[in-house]
Amino acid sequence: MTVLVTGAAGFIGFHTCLRLLEAGRQVVGIDNRNAYYDPALKQARADILAAREGYTDVIGNIANLDMLKSVFAEHAPEVVINLAAQAGVRYSVENPFSYVSSNLVGFVNILECCRHGGVKHLVYASTSSVFGANAEMPFAESQGTAHQMSLYAATKKSNEVMAHSYSHLFGLPTTGLRFFTVYGPWGRPDMALFKFTKAILADEPIDVFNRGEMTRDFTYIDDIVEGVVRVAAQPAAADPAWRADTANPDPSRSGIAPYRIFNIGGGTPVPLMTYINTLETCLGKKATLNLLPMQPGDVPATAADTTALREAVGYAPSTPVSVGIARFVEWYRAYFKV
Ligand SMILES: NC(=O)c1ccc[n+]([C@@H]2O[C@H](COP(=O)([O-])OP(=O)(O)OC[C@H]3O[C@@H](n4cnc5c(N)ncnc54)[C@H](O)[C@@H]3O)[C@@H](O)[C@H]2O)c1
């Protein structure tokens, strides 16, 4: 079976491809290696993938429909895992158009190619950020998510509703996965754990937003990959129990389309200061804190209800941050030789 993974040289894409290759799948990875963060890190991940049997590397932009069409024509993937996107809540405040290109145009291109390519299941990355202004915790997929706080989140919410239209009109099974703050080896340089580690090792202060008064449902990368792979193997189906004749039809499933949305979160929200203290322990060094106000577009807390995921695929994340951060630090020290 051939699986197409977009964003393959990215943090989550790289680990997902590795797991699929270990399971004996043929994997085609697309990534444009853009310079949102150091392309050398993306290239290093891509080099590891390229050395594995069964992997085909494509450097390309999913906003380019012709490129995408030729990849689908050549490889005829049965399953597509769309992880390519412009990520980052804070960056979207200053750079809206890269989100429009990758997350909106690129996503419609993926939908079109899946529709015409007879793809059996499209799995795509959404985000916990779509819960936006919601304050009832933990966040359940059945909650309404109309109050977006950033353009990034708005584009991901758009992906979910566009996917429903294709699932309905063309019978394309789609599953959206709302990832909650993913961390681990080969992680993203724009995210807190990477930035904190780099700064602490260089004896520089770390920027702590909302003065540390934040809670995140951090999710270890291996747990994310386990969820992605299990979900991908189980195409979405319409739910006969879904009701349209209520004030708030459940937005995470559908009675008229093979469509699902799942949270994938660590399940144990951790205060930011606990996360920092754990990192200090792993590094054997104290951080100097630069306490700052809340960033525009950001939310103070996230917490995932993962009941639906567990019921559907018999699994939910559980790696504690003490284990996950230690593994990240081990990778960081080896990779950067510090
Ligand atoms: N890491 C997290 O905590 C997190 C949380 C929620 C959602 N997500 C989502 O998960 C997905 C993967 O995130 P990640 O952390 O691995 O990010 P990442 O930036 O490391 O990976 C994304 C990859 O996609 C590539 N890419 C971007 N635009 C592209 C385009 N137009 N065409 C081809 N390739 C393109 C980038 O070069 C990058 O390698 C993204 O959709 C992101 O929005 C991530």
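Everything that follows concerns the structure shown earlier in this document.
These numbers were taken from a predicted model, which means no experiment stands behind them.

A. Quick peek at the pairing of strand β5 (residues 121-127). Counting buried positions over the seven residues of β5 gives seven, a clear majority of the element. Neither face of β5 is left uncovered, since the one carrying His-121, Val-123, Ala-125 and Thr-127 and the one carrying Leu-122, Tyr-124 and Ser-126 both have all their residues buried. By the bridge criterion, four bridges tie strand β4 (residues 79-82) to β5 in an arrangement that is parallel. Residue pairing across strands places Val-79 opposite His-121, the latter belonging to β5. Pairing analysis gives six bridges linking β5 to strand β6 (residues 174-179), with the strands arranged parallel. In the strand pairing of β6, Ala-125 is matched with Leu-177. For the segment spanning β5, helix α6 (residues 151-170) and β6, crossover handedness is right-handed.

B. Local environment of the packing of aromatic side chains. Counted under the stated rule, the structure contains 27 aromatic pairs. Centroid distance Trp-331 to Tyr-332: 6.3 Å. Interplanar angle 80°. Geometry classified as edge-to-face. When its relative accessible area of 6% is taken as the criterion, Tyr-332 is described as buried. Ring-pair connections join several aromatic residues into one group, and the members of that group are Phe-14, Trp-186, Phe-194, Phe-328, Trp-331, Tyr-332, Tyr-335 and Phe-336. The ring of Tyr-37 has Lys-42 sitting right over it, with the charged end atom 4.5 Å from the ring centre.

C. The site of the ligand, seen in detail. For the ligand, the set of nearby residues contains 29 residues, the closest of which are Asp-31, Tyr-37, Tyr-152, Lys-156 and Val-182. One nitrogen or oxygen atom from the side chain of Asn-61 is found 2.7 Å from a nitrogen atom belonging to the ligand. Relative to its unbound accessible area of 830 Å², the ligand is 97% covered by the protein chains. Looking at the shell around the ligand, the elements with two or more residues in it are α1 (11-22), β5 and α6. For the shell around the ligand, the leading source of residues is β5, giving three residues. Partitioned by chemical class, the residues of the shell around the ligand number 14 nonpolar, ten polar and five charged.

Cut-offs and rules
- Residues numbered from 1 in each chain as written.
- Predicted model: local features only at pLDDT ≥ 70, side-chain atom pairs only at ≥ 80, totals over all residues.
- Heavy atoms only, no water.
- Buried < 20%, exposed > 50% of the residue type's maximum accessible area, 1.4 Å probe, protein only.
- Helix = DSSP H or I, 4+ residues; strand = E, 2+ residues; numbered from the N terminus.
- Pairing = 2+ DSSP bridges.
- Right-handed = clockwise from strand over helix to strand, strands pointing away.
- Phe/Tyr/Trp six-rings, centres within 6.5 Å; stacked < 30°, edge-to-face > 60°.
- Lys NZ or Arg CZ within 6 Å of the ring centre and 35° of its normal.
- Near = heavy atom within 4 Å.
- Polar contact = N/O pair within 3.5 Å; in protein donor to acceptor, adjacent residues only side chain to side chain.
- Areas by Shrake-Rupley, 256 points an atom, 1.4 Å probe, with all protein chains shown as cover.
- Nonpolar A, V, L, I, M, F, W, Y, C, P; charged D, E, K, R; others polar.

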